[in-house]
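Okay, here's what each chain looks like letter by letter:
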Amino acid sequence: SEIASSAHSPGDYAIFFRMNALSRNLERALRQKGVPFALVRGLEFFSRKEIKDLLAYFQLIYNPDDTVSFERVVNLPVRGIGKVTVDRIKVFSDTYGISRFAAAKRAAEIPDLSVRTRGAVLQFTAMIERLAAAVPGADMEVLLTLLLQETRYLEMFDSNTEEDKQRVANVQELLSEVRE
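A brief structural summary. (Residues numbered from 1 in each chain as written. Predicted model: local features only at pLDDT ≥ 70, side-chain atom pairs only at ≥ 80, totals over all residues. Heavy atoms only, no water.)

**Things to note about helix α8 (residues 140–151)**
Threshold: Secondary structure elements are defined from DSSP: runs of H or I of at least 4 residues count as helices, runs of E of at least 2 residues count as strands, and each element is numbered from the N terminus. Expected span, for any helix, means 1.5 Å times one less than how many residues it has. Accessibility here uses a 1.4 Å probe with only protein chains present; expressed as a share of the type maximum, an area under 20% marks a residue as buried, one over 50% as exposed, and anything in between as partly exposed. Directions pointing from the helix axis toward each C-beta atom define the arc. Every residue pair with non-hydrogen atoms within 4.5 Å of one another is taken to be in contact. Think of a polar contact as two N or O atoms within 3.5 Å of one another; within protein, one of them needs to be a possible hydrogen donor and the other a possible acceptor, and neighboring residues in sequence only count if both atoms come from side chains.
Over its twelve residues, α8 runs 16 Å from end to end, which matches the ideal 16 Å to within 8%, given 1.5 Å per residue. Buried within α8 we find L143, L144, L147, L148 and T151. Within α8, the buried residues cover an arc of 135° as seen down the axis, which keeps them to one side. On its buried face, α8 sits against α3 (49–62), α7 (115–134) and α9 (162–179). Capping the start of α8 is the job of one residue whose side-chain oxygen sits 3.2 Å from the backbone nitrogen of E141: D139. Trailing α8 by a residue or two, R152 shows a phi angle of about 60°, which is positive.

**Some points on the layout of surface pockets**
To find leftover empty space, one rolls a probe the size of a water molecule over the atoms. Quick reminder of the rule: Cavities and pockets were defined on a 1 Å grid built from protein atoms only: a cavity is a group of points that admits a 1.4 Å probe but offers it no way out, a pocket is an open group of points flanked by protein on both sides within 12 Å along at least five of seven lines, and a lining residue is one with an atom within 4 Å of any such point. Grid points are joined across faces, edges and corners, and a volume is the space filled by probe spheres set on the points. For this scheme, ten residues count as nonpolar: Ala, Val, Leu, Ile, Met, Phe, Trp, Tyr, Cys and Pro. Four count as charged, namely Asp, Glu, Lys and Arg, and the remainder, Gly too, count as polar.
The volume enclosed by the second largest pocket comes to roughly 170 Å³. As for the second largest pocket, its lining consists of P77, V78, R79, A120, Q123, F124, A126, M127, R130, E150 and T151. Counting residues per element, the lining of the second largest pocket draws most heavily on α7, at six residues. Class assignment for the residues of the lining of the second largest pocket results in six nonpolar, two polar and three charged.

Take it as geometry only, folks, not as evidence of what the structure does.
Following this line, the structure appears as structure tokens:
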């Protein structure tokens, strides 16, 4: 608000930071104060891949008919459900006029899926249903923690690369966000 009442414009200011995970707090503060901003050489917190992945999981848990979320997370982390399998689920879904998730629950009926692939698809749908069953009465922090445990999402990151360390830090920031 000091910026808004001064003779300076927001373009006269810059905020530098080294850890991308810290941007969430800065973004929130600037939005709350109505200060326009642009993030340079980075993505806004909720536009980062790992955050969008976890939000897609939540979307699917709350709405199993969400096709976009289903297709984003069905093989994330990799669980042996590739593009060909997703295409077969899609054809089955379109044929019977049901959601991708509902079709995946009927994996045993989908032609040309191997026993191993059917098992992977059914394990995925069972996991989503377990997470959905935990929703009533649970707060977001508990749900996110459970989601991270069930999906083993963080295990796909290599702790030796800077990019993956940053992704893990972003997930930890998301945990802080839901805790607050």
